[in-house]
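Analysis of the macromolecular model
Listed below, chain by chain, are the residues.
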Amino acid sequence: MKLPTLREAGTEARLLLIGIPVFIWTMIPIYHMFVFAISPKEDAFSGKLWPSHPTLHNFEIVFFQQHYFLRDFWVQLGNSTIIAASVGALTLLIATAAAFSISRLRVPGGRIVLNLALFTYFIPAAFLAVPMYRTMGNYGLLNTSWALILAMVTIASPYAIWVLKQASDKLPVELDEAAVMDGATSLQIFRLVYVPLMMPSLVAIGTYAVLLAWNEYLYAFLLLSNDRDITLPVALGNFLAADDSPWELLMTTGFIYALPPAAIYYAFRRYMVGGLTAGAVKS
Amino acid sequence: MAITISASQDAAAGTPLSARLSTPQVWGILMIVPYLLVFLAFVVYPVGYGFWLARQPSSYVALYHDPIFARAAVNTLIFLVIGINVKMLIALFLSGFFVQSRSWIKWLSVIFILPWAVPSIPTILSVRFMLNPEWGMVNQLIFKLTGDDGPNWLNDPSVALAMAIGVHIWKSLPFWTLILMTGRLAISQDLFEAADVDGASWWQKFRYITWPSMQALYLTCTLLSMIWTLGDFNSVYLLTGGGPADLTHVLATLGIRYLRLDQLNLAMASIVCALPLVLPLVYFMMKRLSR
């Protein structure tokens, strides 16, 4: 093996000079959270970069709900899971049907619906939050899981329809024609031709909707308030209300809560990067 | 259109529509109806209701006299103009870094995406505690290194706002870097090889090859990021809570603040005030994306 030339070494050094700060910048808040999660209370508040006695005791307290703030941990984690799964399933159902209808069946007015969806996509979510809160009150859904599920479906589906429509436009129209020749009904085309071919995009959109709902804080804290109805992010936010908050437990719970989305993201990264970034800005 | 050949009336027999529509079109309508219902119930109704709540001129007079609203408007502009541009410039720069083919850069890009994938609440609260003046890791470190007390980060409005912008950048930088990377990867490698043969410098390659093919994408990303950042509630609310003394609010958190004070009309009016800023951006984006 030949030694790298001075020029090559220089390039490598410059890349490292960018890479190392990027790594530190990215990891600091996550590392800080992790250090808190494995620190006993005394260490956590002493600002040490690494605890002198790392322990898993905090996880034990969280898992066995041994603290006042954590008495409904499992219920709240369950709420988060049910809501995220429902949002993923409903968004997929609604958006896939709409994209199929607009792109493949060329329903009259489909173009207008697509533009309306796109318009919704551009409404900043926090601006819609206040009227959404009142709307859910008027519908009598406030403080039920349905309020959050429907709100998140509303937010997730415009982008889902947009991406799925882009992806389904790329499927050759001959496929549908051939299926029609063979006597397939629209529903059969949808089930047997369209959905299997769209699988990669559907995985990307499902993941997107699940992560969106799992990570949501604003809508969750507006629409849900009973201790046993709220999702875990709202419970984490409630820690802030008290002055003597057990920060090491807050960070432990947060760390646990951050693990599933990170795992889901990495599991479906292949689909996510291709499916989502393509639809996001490319026209 | 080949699909319309299979017109039959069994699916919607008896309805007046079926006389004019083919079966696939009936199915098309049935399949788009769920989204339309969601749209009507949870977009049209709330937006209309919001405008109705914001109809009284007195709300706008009250806003005009509320110093917190003026402050929030200024903060929002700072957030957008400085925050977004700094973020997008860094994203543009880093996208060039991450397209380098090195295995360690591949690994770094996998880690780099974490802030975007994980929920914001634990990470932002982590930063919040890190910046705590007494027990936070940052000030403890400053004390150990210099023997001086560090600044009270979140108690100074301009520092607190800067920190909120920092948190926002931390959270959304990976996403935009990823998008700009796809833009860079779409550029033909031949162009760069030809430029290398001609002895072009790094800057010349960027100026004459990369930038011309990326500028449209860059502009779209910047505008889209502005629209979304207007709705960024978490970065400010979870880090500063709008404090100290309500001086770091942005429009996204101000609406919620009014809601909590039971001043629903003001909440809606403050959002309506942001529309002159939002609608041109939305119009431009719609034109670009929906051709």
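Residues numbered from 1 in each chain as written. Chains lettered and ligands numbered in written order. Predicted model: local features only at pLDDT ≥ 70, side-chain atom pairs only at ≥ 80, totals over all residues. Heavy atoms only, no water.

The next subject is the overall build of chain B. Each helix and strand in chain B was counted, giving 14 helices and zero strands. Start at the N end of chain B and walk to the C end: the helices and strands fall as α-α-α-α-α-α-α-α-α-α-α-α-α-α. The C-alpha atoms of chain B give 25 Å as radius of gyration, which overshoots the globular expectation for 291 residues (19 Å, by more than 25%). If you line up chain B on its principal axes, its C-alpha atoms span 85 × 65 × 30 Å. With 291 residues in all, chain B has 53% of them scored as buried. A sequence separation of at least 24 residues applies to 68% of the contacts in chain B between residues at least 6 apart. Just so you have it, chain B exposes about 13600 Å², and 66% of that area is on carbon and sulfur atoms. Side-chain charges in chain B split into 17 positive and 13 negative, and the spacing between the mean points of these groups amounts to 7 Å. (Helix = DSSP H or I, 4+ residues; strand = E, 2+ residues; numbered from the N terminus. Rg over C-alpha atoms; globule rule 2.2 N^0.38 Å. Buried < 20%, exposed > 50% of the residue type's maximum accessible area, 1.4 Å probe, protein only. Contact = heavy atoms within 4.5 Å. Areas by Shrake-Rupley, 256 points an atom, 1.4 Å probe, with all protein chains shown as cover. Lys, Arg positive; Asp, Glu negative; His and termini not counted. Charge placed at Lys NZ, Arg CZ, Asp CG, Glu CD.)

Residue and element names in this part refer to chain B. A contiguous nonpolar surface patch, about 610 Å² in accessible area, is contributed by Val74, Leu77, Ile78, Val81, Ile82, Val86, Ile90 and Leu277. Ranked by residue count, the leading element in the nonpolar patch is helix H4 (residues 67-98), at seven residues. Counting through the fold element by element, Ile90 comes out in helix H4. According to the relative accessible area criterion, Ile90 is partly exposed, its value standing at 32%. (Patch = residues over 30% accessible without salt bridge, like charges linked within 9 Å, V, L, I, M, F, W, Y side chains within 5 Å. Salt bridge = Lys/Arg side-chain N within 4 Å of Asp/Glu carboxyl O.)

Here we take up the side chain of B:Arg257. All names here are of chain B. Secondary-structure assignment places Arg257 in helix H13 (residues 251-260). With relative accessibility at 19%, the residue Arg257 sits in the buried group. Non-local contacts of Arg257, meaning those with residues more than four positions away in its chain, are made with Asp66, Ile68, Asp246 and His249.

An ideal rise of 1.5 Å per residue puts 46 Å on 32 residues; H4(B) measures up with 44 Å between its terminal C-alpha atoms. Its side-chain oxygen placed 3.0 Å from the backbone nitrogen of B:Ile68, B:Asp66 serves as the N-cap of H4(B). (Expected span 1.5 Å × (residues − 1). Polar contact = N/O pair within 3.5 Å; in protein donor to acceptor, adjacent residues only side chain to side chain.)

Take the interface of chain A and chain B next. Contact residues are listed per partner, giving 98 residues for chain A and 97 residues for chain B. For the pair chain A and chain B, the two sides together bury roughly 8900 Å², of which 80% comes from carbon and sulfur. On the surface where chain A and chain B come into contact, there are one salt bridge. Across the pair A:Glu12 and B:Arg102 runs a salt bridge, and its minimum N-O distance is 2.9 Å. For the pair chain A and chain B, the interface holds 12 residue pairs in polar contact (both at pLDDT 80 or more). (Buried area = accessible area lost by both parts, 1.4 Å probe.)

In this section: the packing of aromatic side chains. For the structure on display, the rule yields 38 aromatic pairs over all chains. For the ring pair A:Tyr139 and B:Tyr45, a centre distance of 5.5 Å and an interplane angle of 25° mean the geometry is stacked. In this pair, A:Tyr139 sits in helix H6 (residues 125-139) while B:Tyr45 sits in helix H2 (residues 23-53), so the two residues belong to two different chains. Grouped by ring-pair contacts, the aromatic residues A:Tyr121, A:Phe122, A:Tyr159, A:Tyr208, A:Tyr265, A:Tyr266, B:Trp116, B:Phe175, B:Trp176 and B:Trp228 constitute a single cluster. One cation-aromatic arrangement involves B:Arg55 over B:Trp52; the distance from NZ or CZ to the ring centre is 4.1 Å. For the cation-ring pair, B:Arg207 lies above B:Tyr208, with the distance from its terminal atom to the ring centre recorded as 5.3 Å. (Phe/Tyr/Trp six-rings, centres within 6.5 Å; stacked < 30°, edge-to-face > 60°. Lys NZ or Arg CZ within 6 Å of the ring centre and 35° of its normal.)

It is worth spelling out the pattern of salt bridges at this point. Residues and elements named next belong to chain A. If you walk through the whole model with that rule in mind, you get seven salt bridges over all chains. For Asp72, the salt bridge identified is with Arg228, shortest N-O distance 2.8 Å. Of this pair, Asp72 sits in the loop between helix H3 (57-63) and helix H4 (73-103) while Arg228 sits in the loop between helix H10 (218-223) and helix H11 (232-239); the two residues are 156 residues apart in sequence, bridging distant segments of the chain.

What follows concerns the packing of helix H7 (residues 145-169) of chain A against H2(B). Contact geometry for H7(A) and H2(B): axes closest at 10 Å, N-to-C directions at 125°. It follows from the interaxial angle that H7(A) and H2(B) lie oblique. Remark: the crossing between H7(A) and H2(B) carries left-handed chirality. Between H7(A) and H2(B), the contacting residues are A:Leu150, A:Thr154, A:Ser157, A:Pro158 and A:Ile161 on the first element and B:Tyr35, B:Val38, B:Phe42 and B:Val43 on the second. For the contact of H7(A) with H2(B), the per-class residue count stands at seven nonpolar, two polar and no charged. (Axes fitted to C-alpha atoms, helices over the stretch in contact; angles between N-to-C directions. Parallel < 35°, antiparallel > 145°, perpendicular 65-115°, else oblique. Left-handed = near helix turned anticlockwise from the far one by under 90°. Nonpolar A, V, L, I, M, F, W, Y, C, P; charged D, E, K, R; others polar.)

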